[in-house]
Amino acid sequence: MNAKDRSTNNKREAEENFLEGIYLMQQKGLPLDRKKICAELKLSKREFMTVAVRLMNQECLTMDFSQENEEVVPTVKGNVRAQEVLRRHHYLTDFLQMICKVERETAEKRGCDSDPNLET
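Residues numbered from 1 in each chain as written. Predicted model: local features only at pLDDT ≥ 70, side-chain atom pairs only at ≥ 80, totals over all residues. Heavy atoms only, no water.

Peer 1: Help me understand the overall build of the chain in this model?
Peer 2: A count of helices and strands for the chain gives five helices and two strands. The order of α-helices and β-strands along the chain, N terminus first, is α-α-α-β-β-α-α. Taking all 120 residues of the chain together, 34% fall into the buried category. A sequence separation of at least 24 residues applies to 46% of the contacts in the chain between residues at least 6 apart. Of the accessible surface of the chain, which amounts to about 7900 Å², a share of 51% is contributed by carbon and sulfur atoms. (Helix = DSSP H or I, 4+ residues; strand = E, 2+ residues; numbered from the N terminus. Buried < 20%, exposed > 50% of the residue type's maximum accessible area, 1.4 Å probe, protein only. Contact = heavy atoms within 4.5 Å. Areas by Shrake-Rupley, 256 points an atom, 1.4 Å probe, with all protein chains shown as cover.)

Peer 1: How should the pairing of strand E1 (residues 61-64) be read in this particular structure?
Peer 2: The side chains of a regular strand alternate, residue by residue, between the two faces of the sheet. Of the two faces of E1, the one lined by Leu-61 and Met-63 is fully buried and the one lined by Thr-62 and Asp-64 carries no buried residue. Where E1 lies against strand E2 (residues 71-74), four bridges are found, and the strand directions are antiparallel. Paired with Asp-64 across the bridge in E2 is Glu-71. Counting the residues that bridge the hairpin from E1 to E2 gives six residues, and of these Glu-70 lies at a positive phi of roughly 55 degrees. (Pairing = 2+ DSSP bridges.)

Peer 1: Could you clarify how one ought to interpret the pattern of salt bridges in this entry?
Peer 2: Pairs can form between side chains of opposite charge once their charged atoms are near each other. Evaluated as defined, the whole model comprises five salt bridges. Here Glu-15 and Arg-54 are joined by a salt bridge, their closest N and O atoms 2.8 Å apart. With Glu-15 in helix H1 (residues 3-27) and Arg-54 in helix H3 (residues 45-57), the pair connects residues that are 39 residues apart, well separated along the chain. Accessibility expressed as a relative area gives 6% for Glu-15, which makes it buried. What emerges from the salt-bridge pattern is a single network uniting Arg-12, Glu-16 and Arg-88. (Salt bridge = Lys/Arg side-chain N within 4 Å of Asp/Glu carboxyl O.)

Peer 1: Looking at this structure, how should I read the nonpolar core?
Peer 2: Nonpolar side chains tend toward joint burial in soluble globular proteins. One finds Phe-18, Ile-22, Ile-37, Phe-48, Leu-55, Leu-61 and Val-72 to be the most contacted residues of the largest nonpolar core, which totals 18 residues. A total of five residues in this core trace back to one element, the largest contributor, which is H1. Ignoring any residue separated from it by four or fewer positions in sequence, one finds Ile-22 in contact with Leu-32, Ile-37, Leu-61, Val-72 and Pro-74. (Core = buried A, V, L, I, M, F, W, Y, C linked by side-chain atoms within 4.5 Å.)

Peer 1: Would you mind showing me how to read unusual backbone geometry here?
Peer 2: A negative phi angle is the norm for most residues apart from glycine, just as the trans form is the norm for most peptide bonds. Positive phi values are uncommon outside glycine, yet Lys-42 reaches one of about 55 degrees. With respect to the helices and strands, Lys-42 occurs in the loop between helix H2 (34-41) and H3. Even without being a glycine, Glu-59 presents a positive backbone phi close to 60 degrees.

Peer 1: How should I be thinking about the environment of Thr-75 in this particular structure?
Peer 2: Locating Thr-75 in the fold gives a position in the loop between E2 and helix H4 (76-98). Owing to a relative accessible area of 22%, Thr-75 belongs among the partly exposed residues under this scheme. Separated by 15 residues in sequence, Thr-75 and Cys-60 have C-alpha atoms that sit 5.3 Å apart. The residues contacting Thr-75, other than those within four sequence positions of it, are Glu-59, Cys-60, Leu-61 and Thr-62. Of note is the side chain of Thr-75, whose polar atom sits 3.0 Å from the backbone nitrogen of Gly-78. (Polar contact = N/O pair within 3.5 Å; in protein donor to acceptor, adjacent residues only side chain to side chain.)

This is how it looks when you write it as structure tokens:
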């Protein structure tokens, strides 16, 4: 894999982690503002803004900058994409556990990776 492919993979993985994270926060009834999302997903403000802008350009979320906390609102498209990511992670985690006999903790970690290399 060349550097451009790795960069594209990293961006997609960051977007998927962000969407999945805010979807799970939303399901728990947690507020979706920049500060809470950064704390929950362990993102810097810069990382948050980089991913959020890409996702806004893809029409996966909107942000209300008039609010002090910069509220994030996932769109239908963003929620659908988050659900697909979550479903894929669950399937891959189950596969790694049942078929590959990988321990649960490792399977969950690798199930969330875009490239679940089992050698590390």
